[in-house]
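# Examination of the molecular architecture
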Amino acid sequence: MTDERPKSGSNPRRQLKPTDVKRLNRTWRRNTEGRLALILESVTGPFNIGSIFRTAAAFGAETVWLAGNATPPHQPQGAEDRARHDRLVEWHEPVPVAEAVRAAREEGFRVVAVELTGDAVPLHEAKLDGDVCLVLGSEDHGCSPACLEAADSVAYIPQVGRVGSVNVAVAAAIAMAEARRQEWASPAG
């Protein structure tokens, strides 16, 4: 994809105006064919839910399946982000994780859990282009054994620091960004 940033004004480093941002985003949308979805298994923190929905809307995720005891975005604590963003992404009330995975597959998605397992591949090496549904597990325990068994594959986020993991909302953002990056970087993207 060629860089088609607006050329208005003499300083290319100035912040884009809202109209320019809309034009830029439209260009990226036209160059995006892969469908993106999420399964959130037992993610309960209202801030995390709100942040994930905001990021899902930004990256063009079309559906979020809630699984286990995940907190729906209409909970009052998530109102600030939810009020703007959960209406931009279709979502489903919580169901058992195997049911959410089955629903994603029926919609044509390949299901990739984001978790540290013995057979997980680094996120940047995982096949995330095309129609992909990313699964993220709870803040405390990650993806359940049932979820890992149901997923088509597992990928992890490589980390070099001394912290064992990142926040689930941050992990969701990293995984969604990588899925889009892979599509945009491919010759057909």
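Here the structure is a predicted model, which is why all the values come from computation and not from measurement. (Residues numbered from 1 in each chain as written. Predicted model: local features only at pLDDT ≥ 70, side-chain atom pairs only at ≥ 80, totals over all residues. Heavy atoms only, no water.)

## Some points on the pairing of strand E4 (residues 110-114)
Selection rule: Only protein chains enter the area calculation, which uses a 1.4 Å probe; residues under 20% of their type maximum are buried, those over 50% are exposed, and those in between are partly exposed. Numbering of helices and strands runs from the N terminus; a helix is a DSSP stretch of H or I covering at least four residues, while a strand is a stretch of E covering at least two. Criterion used throughout: strands pair if DSSP finds at least two bridges between them.
Burial analysis of E4 places four of its five residues in the buried class, which makes it a mostly covered element. Here E4 pairs with strand E7 (residues 153-156) via three bridges, running parallel. Residue pairing for E7: Val 112 is matched across the bridge by Ser 153.

## Quick word on the nonpolar core
In a soluble, globular protein the nonpolar side chains are often hidden away together inside. Going by this rule: Nine residue types can take part in a nonpolar core, namely buried Ala, Val, Leu, Ile, Met, Phe, Trp, Tyr and Cys, and a core is a set of them joined through side-chain atoms within 4.5 Å. Note on contacts: a residue pair qualifies if any of its non-hydrogen atoms lie within 4.5 Å across the two residues.
Ranked by size, the top nonpolar core spans 30 residues in total, and within it Leu 38, Leu 40, Ile 52, Leu 128, Leu 134 and Leu 136 carry the most contacts. Looking at this core, the elements with two or more residues in it are strand E1 (36-41), helix H2 (46-58), strand E2 (63-67), E4, strand E6 (132-136) and helix H6 (168-185). Looking at which element gives the most residues to this core, the answer is H6, with seven residues. With near-sequence residues (within four places) excluded, Leu 136 lies in contact with Leu 38, Ile 39, Leu 40, Glu 41, Val 43, Val 114, Cys 143, Val 168, Ala 171 and Ala 172. Ranked by size, the runner-up nonpolar core spans 19 residues in total, among them Ala 100, Cys 133, Val 135 and Ala 150.

## Regarding the packing of aromatic side chains
To keep it simple, the criterion reads: Two rings from Phe, Tyr or Trp (for Trp, the six-membered ring) form a pair when their centres are within 6.5 Å of each other. A pair whose planes differ by under 30 degrees is stacked, one over 60 is edge-to-face, and the rest are tilted. Sitting over a ring, as applied to charges here, requires NZ of Lys or CZ of Arg to be within 6 Å of the ring centre and within 35 degrees of the ring normal.
Inspection of every chain in the model, using the stated rule, returns two aromatic pairs. With a centroid separation of 6.0 Å and an interplanar angle of 80°, the aromatic rings of Trp 65 and Phe 109 are classed as edge-to-face. With Trp 65 in strand E2 and Phe 109 in the loop between helix H4 (97-106) and E4, this pair connects stretches of sequence that are 44 residues apart. For the pair Trp 65 and Phe 109, a shared accessibility class is recorded, and that class is buried. Positioned over the ring face of Phe 109 is Arg 35, at 4.2 Å from the centre of the ring.

## Overview of the state of the cysteines
Put plainly, two cysteines are in a disulfide when a covalent bond ties their sulfur atoms together. Cut-off, in case you're wondering: Cysteine sulfur atoms that come within 2.5 Å of each other are treated as a disulfide pair.
Applying the stated criterion to the full structure yields zero disulfides. Here Cys 133 is not disulfide-linked; the sulfur of Cys 147 is the nearest cysteine sulfur, at 9.4 Å. Accessibility expressed as a relative area gives 0% for Cys 133, which makes it buried. The closest cysteine sulfur to the non-disulfide-bonded Cys 143 is located on Cys 147, 4.0 Å from its own sulfur. With a relative accessible area of 7%, Cys 143 lands in the buried category.

## So, H6
Every α-helix winds through 3.6 residues per turn, so residues three or four apart in the chain are directed the same way. The condition that has to hold: One fewer than the residue count of a helix, multiplied by 1.5 Å, yields its expected span. Under the rule applied, a polar contact is a pair of N or O atoms within 3.5 Å (in protein, one hydrogen donor and one hydrogen acceptor; residues adjacent in sequence only if both atoms are side-chain atoms).
Taking 1.5 Å of rise per residue, the 18 residues of H6 would be expected to cover 26 Å, and the 25 Å separating its terminal C-alpha atoms lies within 8% of that figure. All buried positions along H6 are accounted for by Val 168, Ala 169, Ala 171, Ala 172, Ala 175, Met 176, Glu 178, Ala 179, Arg 180, Gln 182 and Glu 183. Where the residues of H6 are buried, they touch E1, H2, E4 and E6. Two or three places before Ala 169, at the start of H6, stands the capping residue Asn 167, its side-chain oxygen 2.7 Å from that residue's backbone nitrogen.

All quantities given are derived from atomic positions and should not be read as evidence of function.
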